[in-house]
Amino acid sequence: MAVIEQVGAREILDSRGNPTVEVEVALDDGTLERAAVPSGASTGEHEAVELRDGDAKRYLGKGVERAVTAVLDEIGPELVGIEAVEQRVVDQKLVDLDGTPDKSRLGANAILGVSLAVAKAAAASSGLELFRYVGGPNAHVLPVPMLNILNGGAHADTEVDIQEFMIAPIGAETFREALRWGAEVYHSLKSVLKSKGLSTGLGDEGGFAPALSSNRDALDLILEAIEKAGYQPGRQIALALDVAATEFHSDGAYTFEKQKRSAEQMTGYYAELVRDYPLVSIEDPLSEDDWDGWVRLTAELGEKVQIVGDDLFVTNPERLEEGISRRAANALLVKVNQIGTLSETLDAVALATSYGYKSMMSHRSGETEDTTIADLAVATGAGQIKTGAPARGERTAKYNQLLRIEEALGDAARYAGDLAFPRYTPES
Ligand SMILES: O=C(O)[C@@H](CO)OP(=O)(O)O
Ligand SMILES: [Mg+2]
């Protein structure tokens, strides 16, 4: 087995034109692999800390030279000589070296880059694709792509409050078919928008970002696009939301559609949406610290629809444990850079699974060409992945990797389909 010989790092650009960290790990058998780190816009207060330089002259203070230096000067030398397959040893070393609970000293961006690059190098050196290396023989379920085709909130310059309107092609037979359906609906939505004189400009995740006066308008446009593409809403293609409610919550109130609302009023609004639309999943319906609101919302809607905790859980096993004990949400959003190491990410998914919580693998709004999360979705059997629209290279890189994985698995591949959403019964 191969040991880590050298760790390199550099500053590269992400899909928003902001700097981010890329790490390279070289092993003594000649293997060289790299991983790039994503970056969020609607970040949760409890996420691990992304180290930024703060020098206003460089990239308006968004540089990551300090994180790069942390990899080169502090982290790298400590890892030389360790077996690359000892992922947990490496990750524990990263956590210990940093020494803070939120990875703020060395930076979660520095730490994650190293953690993922080590995993990729170990996989390559073992002659295994990443999904097989991390997931073993059980890695055979292709996730439902949760395609974000209409962007609002912090990802668009419009007044649409809900951040992400996604389609979930649950009725497809294979991932390949699901992705094709999704792309067809994406194009269909473009025509629908054009025909109504609405903008077809894009938001950060490649979805359209038209100026609309209500959030229901967005759902109606998408339903029209699904039908015009020749698919049945609900049975073949369901809907999902990421409300990202932390973004419009302050002083105990939600400013939604220009009105101040309580958690109870927001819950009432979602209950109507679930009644009126084929929704399989709602992410962050309430703010990150509104635990009581989450508990009540989950009690009211959790039997009918998946309720996903993103800012609430921040892929952190401790916050997830609290959520499980209080019965807040029934699914976990999984973002590798919210927690900072592969081992802790896998721990969060395992914890979720053991309590019957579903997991949705996720990108960030600032992304790179790195495709690690596609492999992790299959490795963990998550059954769901959201990585933006079926357009724009940094998003399609992940979906395209899933096409390759499905092909590599051949007859062993199984598409998660509507089984990914046990709380949803497609209408006949
Ligand atoms: O809220 C989210 O789920 C994400 C990804 O879609 O957005 P961001 O990366 O900006 O936090
Ligand atoms: Mg979210």
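Being a predicted model, the structure only gives us computed values, none of them experimental.

Details of the overall build of the protein
Summing up its helical and strand segments, the protein has 13 helices and 17 strands in all. For the protein, whose C-alpha radius of gyration is 21 Å, the value lies close to the compact-globule estimate of 22 Å for 428 residues. Principal-axis analysis of the C-alpha atoms places the extent of the protein at approximately 60 × 50 × 45 Å. Within the span of the protein, comprising 428 residues, buried residues form 59% of the whole. For the protein, the proportion of contacts with a sequence separation of at least 24, taken over those separated by at least 6, is 70%. When the accessible surface of the protein is totalled, it reaches about 16,300 Å², and 46% of it is carbon and sulfur. Positive and negative side-chain charges of the protein, numbering 41 and 69 respectively, have mean locations separated by a distance of 4 Å.

Let's talk about the UniProt feature "binding site: substrate" (unreviewed entry) in the protein
When the UniProt feature table is mapped to this numbering, "binding site: substrate" (unreviewed entry) covers His155, Glu164, Glu283, Asp310, Ser362, His363, Arg364, Ser365 and Lys386. Residue Glu283 is classed as buried on the basis of its relative accessible area, which comes to 1%. Those residues in contact with Glu283 that lie beyond four places of it in its chain are Leu241, Asp242, Val243, Ala244, Val308, Asp310, Leu333, Met360 and Lys386. By secondary structure assignment, the location of Ser365 is in the loop between strand S15 (358–362) and helix H12 (372–380). Setting aside residues up to four positions removed in sequence, Ser365 forms contacts with Ser15, Arg16, Ser39, Gly40, Ala41, His155, Asp204, Glu205 and Arg395. Only 3.2 Å separates the side chain of Ser365 from the backbone nitrogen of Ala41, close enough to count as a polar contact.

A word on the side chain of Arg52
By the secondary structure assignment, Arg52 is in the loop between strand S3 (32–36) and helix H1 (65–79). Given the relative accessible area of 19%, Arg52 is considered buried. Reaching out from Arg52, the side chain makes a polar contact with the side chain of Ser39 at a distance of 3.3 Å. A distance of 2.6 Å separates a polar atom in the side chain of Arg52 from the backbone oxygen of Lys62. Apart from the residues lying within four places of it in its own chain, the contact partners of Arg52 are Pro19, Ser39, Gly61, Lys62, Gly63, Val64 and Arg66.

A closer look at the coordination of the magnesium ion (ligand 2)
The coordination sphere of the magnesium ion (ligand 2), as far as protein atoms go, consists of Asp242 (OD), Glu283 (OE) and Asp310 (OD), spread over 2.0 to 2.2 Å. One chain supplies every donor for the magnesium ion (ligand 2), spaced along it as D-x40-E-x26-D. On the criterion of sequence distance, the pair formed by Asp242 in strand S8 (residues 238–242) and Glu283 in strand S12 (residues 279–283) is long-range, its members being 41 residues apart. Classification of Asp242 by relative accessible area gives buried; the value is 1%.

Some points on the sheet that holds strand S2 (residues 19–27)
Across the sheet, three strands lie side by side as S1-S2-S3; this open sheet has antiparallel pairing. Both outer strands of the open sheet, strand S1 (4–13) and S3, are each paired with one neighbouring strand and no more. Strand after strand, the sheet turns through a mean of 20° between neighbouring axes, direction not considered. Bridging between S1 and S2 involves nine bridges; their strand directions are antiparallel.

A few points about the packing of aromatic side chains
A full pass over the atoms with the stated rule returns seven aromatic pairs. Ring geometry for Tyr186 versus Phe208: centroids 4.6 Å apart, planes at 20°, classification stacked. A residue pair is termed long-range when its members are at least 10 positions apart, and Tyr186 in helix H5 (residues 175–195) and Phe208 in the loop between H5 and helix H6 (215–228) qualify at 22 residues. Of the residues examined, Tyr186 reaches a relative accessible area of 6% and is grouped as buried. A ring pair is formed by Phe248 and Phe256, whose centres lie 5.5 Å apart and whose planes are at 45°; its orientation type is tilted. On the basis of relative accessible area, Phe248 is assigned to the buried category, the value being 11%. Chaining the aromatic ring pairs together yields one cluster made of Phe248, Tyr254, Phe256, Tyr269 and Tyr270. Here the guanidinium or amino end of Arg261 rests over the ring plane of Tyr269, the centre of that ring lying 5.5 Å away.

Focus: unusual backbone geometry
You will see that Asp251, though not glycine, has its phi angle at about 50°, which is positive. Note on placement: Asp251 falls in the loop between strand S9 (249–250) and strand S10 (253–256). Residue Asp251 is classed as exposed on the basis of its relative accessible area of 81%.

A closer look at the sheet that holds S10
One open sheet accounts for three strands, arranged S9-S10-S11; its pairing is antiparallel. Only two strands of the sheet have a single partner each, and these edge strands are S9 and strand S11 (259–261). Sheet topology places S10 next to S11; three bridges connect them, and they run antiparallel. By the bridge assignment for S11, Tyr254 is matched with Arg261. Set on the sheet, helix H7 (residues 263–276) makes contact with S10 and S11; between it and S11 the angle comes to about 100°.

Concerning helix H9 (residues 317–326)
Three or more residues of H9 are buried, namely Arg319, Leu320, Gly323 and Ile324. Each buried residue of H9 lies within a common arc of 140° when the element is viewed along its axis, so the set occupies one face. Relative to its buried face, H9 has exposed residues pointing more than 90 degrees away, namely Glu318 and Ser325. Against the buried residues of H9 lie helix H8 (291–301), strand S14 (331–334) and helix H11 (342–354). Downstream of H9 by one or two residues, Arg327 has phi in the positive range, about 60°.

Conventions and cut-offs
Sequence order as written defines the numbering, with residues in each chain counted from 1. Just so you know, chain letters begin at A and ligand numbers begin at 1, following the order they were written in. Residue-level local features of this predicted model are given only where pLDDT is at least 70; pairs of side-chain atoms are given and counted only at 80 or more, and the full residue set underlies all totals for whole chains, interfaces and linings. Note that the side-chain values use all heavy atoms of the structure and ignore hydrogens as well as water. Comment: elements are numbered from the N terminus, with helices defined as DSSP H or I runs of at least four residues and strands as E runs of at least two. Here the radius of gyration uses the C-alpha set of atoms, whereas the globule reference equals 2.2 Å times the residue count to the power 0.38. The buried label applies to any residue whose accessible area, calculated with a 1.4 Å probe on protein chains only, is under 20% of its type's maximum; exposed applies above 50%, and partly exposed to all values in between. Note on contacts: a residue pair qualifies if any of its non-hydrogen atoms lie within 4.5 Å across the two residues. For accessible areas, the Shrake-Rupley method is used with a probe of radius 1.4 Å. Any residue's cover is judged against the shown protein chains and nothing else. Note that His is not counted, nor are the chain ends; the positive residues are Lys and Arg, and the negative ones are Asp and Glu. Every charge is mapped onto a representative atom, which is NZ of Lys, CZ of Arg, CG of Asp or CD of Glu. UniProt positions are given in the numbering used here, feature names are shortened, and annotations may be inferred rather than shown by experiment. Any pair of nitrogen or oxygen atoms within 3.5 Å is treated as a polar contact; in protein, a donor-acceptor pairing is required on top of that, and neighbouring residues in sequence qualify only through side-chain atoms on both sides. Metal coordination here is assigned from N, O and S atoms located within 2.8 Å of the ion, or within 3.2 Å for Na, K and Ca; omission of water means that sites may look incomplete. The rule for pairing is simple: two strands pair if DSSP sees at least two bridges between them. Each axis is a line fitted through C-alpha atoms, and for a helix only the stretch in contact is used; angles between axes span 0 to 180 degrees, taken between their N-to-C directions. Each Phe, Tyr or Trp ring, with Trp reduced to its six-membered ring, pairs with another whose centre is within 6.5 Å; inter-plane angles below 30 degrees give stacked pairs, above 60 give edge-to-face pairs, and intermediate values give tilted ones. Counted as over-ring charges are cases with an Arg CZ or a Lys NZ within 6 Å of the ring centre that also lie within 35 degrees of the ring normal. Picture the helix axis, draw a direction to every C-beta atom, and the arc is the one those directions span.

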